[in-house]
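Listed here are the chains, written in short residue letters.
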Amino acid sequence: MNIPQASSSNWKKLMQLRGVARSMIRTRVGCDSQTFFWDNNWLQGGPLTFRATPGFIRDSHIPAEQRLFAFSSNNNWEFPIEITQQFPDLLLLDPPCNTPDKVEWIPSPTGIFSLTNTVAWLAPRHQPRPWNHLVWNSFSIPRCKFSFWLAVQRRLPTKDRRCMQSFPGSKLCLLCQSVDELHDHLFFSCSFTRPIWSFLQLKCRFRASNLSWEEFVNWASNHWRGRTLQNSVKKLVISTIVNRIWTKRNERIFRQKRCSQSRILKQTMEMVKQRLQSMRVKDSITARRLVLEWDLPQSFIRPPPEPD
Ligand SMILES: [Zn+2]
């Protein structure tokens, strides 16, 4: 649900905390599952709806109201193969147990909400990670944030990671077919993704070539720290392209669907443009430049307040 523009600033701040609160709620799956397959937080990696594109969810033919327990059979889980391929951590899920489903408040040892435990649980997380602002900002597209968050921590299940070792087949990068797929390779050492990356650097007016993924994250964390419009757009672009590359890589592996570099680039640009079209910013030289460069409507620039 989008935050209504007319909301008070306090209400907007509260609404923006929904993601934080949601990350503290976990469902322990039992035998009478009321748990929703897509929306509830029952798997360690977070709600599946955050980890898949709308296209993947639609093509799975698993409806939004699908209960998780529909996939249990004879005290075991039986998920469709394309689902386990998309979410390999499902293979590590404990078998269904005989206790009822239970919704737990993660910060409390009892599972019941407690303000003291919540504050204590949040405290260490407030130690800022230098890349926090790259991921958690108001410009980036919500569904791109999760894959980007995993990427900055090098936790995407690329072929070199242990959870993918059990999958048979070549370890070669499917995008370039020339070297092993390592996390650092995909973003952006791969000869397939590098030209896309170069184009976006030109478009966003920065140069970060010849950096490893980790070096790039450190570099961007330092250089894009200010909350300027220009920096916000760069963060939007990087999180979107990481999401697109990861999604297209998964489609090649699991659905044998190929997508050209130009198509990935066009989709990325279109997603960024649509996101910018939904925003309203103060008039400035940068805002006017963005209108021209991204072909945005004039409504992107908020009109000055009417004089009294
Ligand atoms: Zn490659």
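Residues numbered from 1 in each chain as written. Predicted model: local features only at pLDDT ≥ 70, side-chain atom pairs only at ≥ 80, totals over all residues.

## Digging into the overall build of the protein chain
Along the backbone of the protein chain there are 14 helices and four strands. Over its C-alpha trace the protein chain gives a radius of gyration of 21 Å, about what one expects of a compact globule, namely 19 Å for 308 residues. If you line up the protein chain on its principal axes, its C-alpha atoms span 65 × 55 × 35 Å. Relative to its 308 residues, the protein chain shows a buried fraction of 21%. Nonlocal contacts in the protein chain, meaning residues at least 24 apart in sequence, comprise 53% of its contacts between residues at least 6 apart. (Helix = DSSP H or I, 4+ residues; strand = E, 2+ residues; numbered from the N terminus. Rg over C-alpha atoms; globule rule 2.2 N^0.38 Å. Buried ≥ 20, exposed ≤ 12 C-beta atoms within 10 Å, placed from the backbone. Contact = placed C-beta atoms within 7 Å.)

## Some thoughts on the domain arrangement of the protein chain
Under the domain assignment, the protein chain is made up of domain 1 (9–125) and domain 2 (132–300). Domain 1 and domain 2 are separated by 26 Å when their C-alpha centres are compared. Facing the nine residues of domain 1 at the interface are eight residues of domain 2. The residue inventory of the side of domain 1 that touches domain 2, partitioned by class, reads two nonpolar, four polar and three charged. (Domains from an automatic or database assignment. Nonpolar A, V, L, I, M, F, W, Y, C, P; charged D, E, K, R; others polar.)

## Re helix H13 (residues 261–277)
In this model H13 runs 24 Å from its N-terminal to its C-terminal C-alpha over 17 residues, within 8% of the 24 Å that 1.5 Å per residue would give. Buried within H13 are the following residues: Thr268, Val272 and Leu276. Projection of H13 onto a plane perpendicular to its axis shows the buried side chains occupying an angular sector of 70 degrees, all on one side. Turned more than 90 degrees off the buried face of H13, the exposed positions are Ser262, Arg263, Lys266, Glu270 and Gln274. If you follow the buried residues of H13, they end up packed against helix H12 (229–255) and helix H14 (285–293). (Expected span 1.5 Å × (residues − 1). Arc of directions from axis to C-beta.)

## Considerations on the environment of Phe148
Looking at the element boundaries, Phe148 is found in helix H7 (residues 142–152). Between the alpha carbons of Phe148 and Trp131 there is a distance of 11 Å; along the sequence they are 17 residues apart. Once residues lying within four places of it in the same chain are set aside, the contact partners of Phe148 are Val135, Ser239, Val242 and Asn243.

## Here's the deal with the nonpolar core
Counting 32 residues, the largest nonpolar core has Phe148, Val152, Val237 and Val242 as its most contacted members. By residue number, the principal contributor to this core is H12, which donates eight residues. Val29, Phe37, Trp42 and Leu48 belong to the second-largest nonpolar core, a separate cluster that totals six residues. (Core = buried A, V, L, I, M, F, W, Y, C linked by C-beta atoms within 7 Å.)

## What about the packing of H7 against H12?
Taken N-terminus to C-terminus, the directions of H7 and H12 make an angle of 85 degrees; their axes are 8 Å apart at the nearest point. Here H12 runs roughly perpendicular to H7, going by the angle between their axes. Note on element contacts: H12 touches H7 through Ser239, Thr240, Val242, Asn243 and Trp246, opposite Cys144, Lys145, Ser147, Phe148 and Ala151. Class assignment of the residues belonging to the contact of H7 with H12 gives a composition of five nonpolar, four polar and one charged. (Axes fitted to C-alpha atoms, helices over the stretch in contact; angles between N-to-C directions. Parallel < 35°, antiparallel > 145°, perpendicular 65-115°, else oblique.)

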